[in-house]
Amino acid sequence: VPLILEYSDSEFFKERNAEEQGYILTKNGDSVNLAAKSSVGFLYGCMTLLQLIDNAPVKFEIYDRPAIRFRGNMNTLWAESGVWSYDFGDGLEAAEKRLYSAIDDMARAKLNLIYADAFGFKTERFAGYDALMTRISKYAATRGIRIMNGGYGMGYGQSASHLFMGKV
């Protein structure tokens, strides 16, 4: 369901990335207003409000939008050799919970891109892997986060081995 902007300063949402991810957050006394043209912008406004909740001034106006459309994170997923090699040593369920927590941290920080997997030419790396990736992707999407899959390209891995493995 799209959010409807009912705010006098609609010019702000014509700025770069503002319609997709921007928001206007204002406070005057006990009244707080949040305007956004997208669910992601609304979420980011809520994240800012949570940051301010205990120390917010009596009056403020925040017009916020990212200068860079995609802001990513790789370190929680990129551990050993360029694949999604997150620690599954204590079981799939515990690892999945940690990944959800990392995604929630990203949403709070307004990061919206995870650089993930796809370097191995097969999907079901272990039993339950594909279903896990589907669940994580859906969870991330509800927080405005995209999962970018990597892959082999010219000059990386496959081409250096001189083995033809089909279209890249």
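Everything below is about the structure shown above.
Just so it is clear, the model here is predicted, and its values are computed rather than measured. (Residues numbered from 1 in each chain as written. Predicted model: local features only at pLDDT ≥ 70, side-chain atom pairs only at ≥ 80, totals over all residues. Heavy atoms only, no water.)

## Quick look at helix 3 (residues 92–108)
Helical geometry: 3.6 residues make up each α-helical turn, so side chains three or four residues apart lie on a common side. Under the 1.5 Å per step criterion, the end-to-end length of helix 3 is 24 Å for 17 residues, consistent within 8% with the ideal 24 Å. Restricting attention to buried positions, one finds in helix 3 the residues Ala95, Glu96, Leu99, Tyr100, Ala102, Ile103, Met106 and Ala107. The buried residues of helix 3 occupy an angular sector of 160° when projected down its axis, which confines them to one face. Those residues of helix 3 that are exposed and aimed more than 90 degrees away from the buried face are Glu93 and Lys97. After helix 3 finishes, the residue lysine 110 shows a positive phi value of roughly 60°. (Helix = DSSP H or I, 4+ residues; strand = E, 2+ residues; numbered from the N terminus. Expected span 1.5 Å × (residues − 1). Buried < 20%, exposed > 50% of the residue type's maximum accessible area, 1.4 Å probe, protein only. Arc of directions from axis to C-beta.)

## Some thoughts on the packing of helix 3 against helix 4 (residues 129–141)
Interhelical geometry of helix 3 versus helix 4 gives an angle of 20° and a closest axis separation of 10 Å. It follows that helix 3 is roughly parallel to helix 4 by the angle criterion. Seen along the crossing, helix 3 lies across helix 4 with a hand that is right-handed. When helix 3 is examined against helix 4, the residues Leu92, Glu96, Leu99, Tyr100, Ile103 and Asp104 are found in contact with a partner set consisting of Leu132, Arg135, Ile136, Tyr139 and Ala140. A class-by-class count of the residues in the contact of helix 3 with helix 4 yields eight nonpolar, no polar and three charged. (Axes fitted to C-alpha atoms, helices over the stretch in contact; angles between N-to-C directions. Parallel < 35°, antiparallel > 145°, perpendicular 65-115°, else oblique. Left-handed = near helix turned anticlockwise from the far one by under 90°. Contact = heavy atoms within 4.5 Å. Nonpolar A, V, L, I, M, F, W, Y, C, P; charged D, E, K, R; others polar.)

## Considerations on the pattern of salt bridges
Applying the stated rule across the entire model yields ten salt bridges. Among the salt bridges present, the one from arginine 65 reaches glutamate 15, with a minimum N-O distance of 2.8 Å. A residue pair is termed long-range when its members are at least 10 positions apart, and arginine 65 in the loop between strand 3 (59–64) and strand 4 (72–73) and glutamate 15 in the segment before helix 1 (18–21) qualify at 50 residues. A relative accessible area of 38% means that glutamate 15 is categorised as partly exposed. In this structure, lysine 110 engages aspartate 64 in a salt bridge whose closest nitrogen and oxygen atoms are separated by 3.6 Å. With a gap of 46 residues between them, lysine 110 in the loop between helix 3 and strand 5 (113–115) and aspartate 64 in strand 3 connect regions that are remote in the sequence. Judged by relative accessible area, which is 15%, lysine 110 ranks as buried. A residue is classified by how much of its surface remains accessible, and aspartate 64, at 25% relative accessible area, is partly exposed. In the salt-bridge network here, residues are joined through shared partners; they are Glu20, Arg69 and Arg146. (Salt bridge = Lys/Arg side-chain N within 4 Å of Asp/Glu carboxyl O.)

## Description of the sheet that holds strand 3
Overall, antiparallel pairing links the three strands, which are arranged 2-1-3 in an open sheet. Since the sheet does not close on itself, it has two edges, and those belong to strand 2 (31–35) and strand 3, each with one partner. This sheet shows a mean twist of 5° between the axes of neighbouring strands, independent of strand direction. Note that strand 1 (residues 23–28) and strand 3 share six bridges and pair antiparallel. Each residue of the ladder has a partner; that of asparagine 28, found in strand 3, is lysine 59. (Pairing = 2+ DSSP bridges.)

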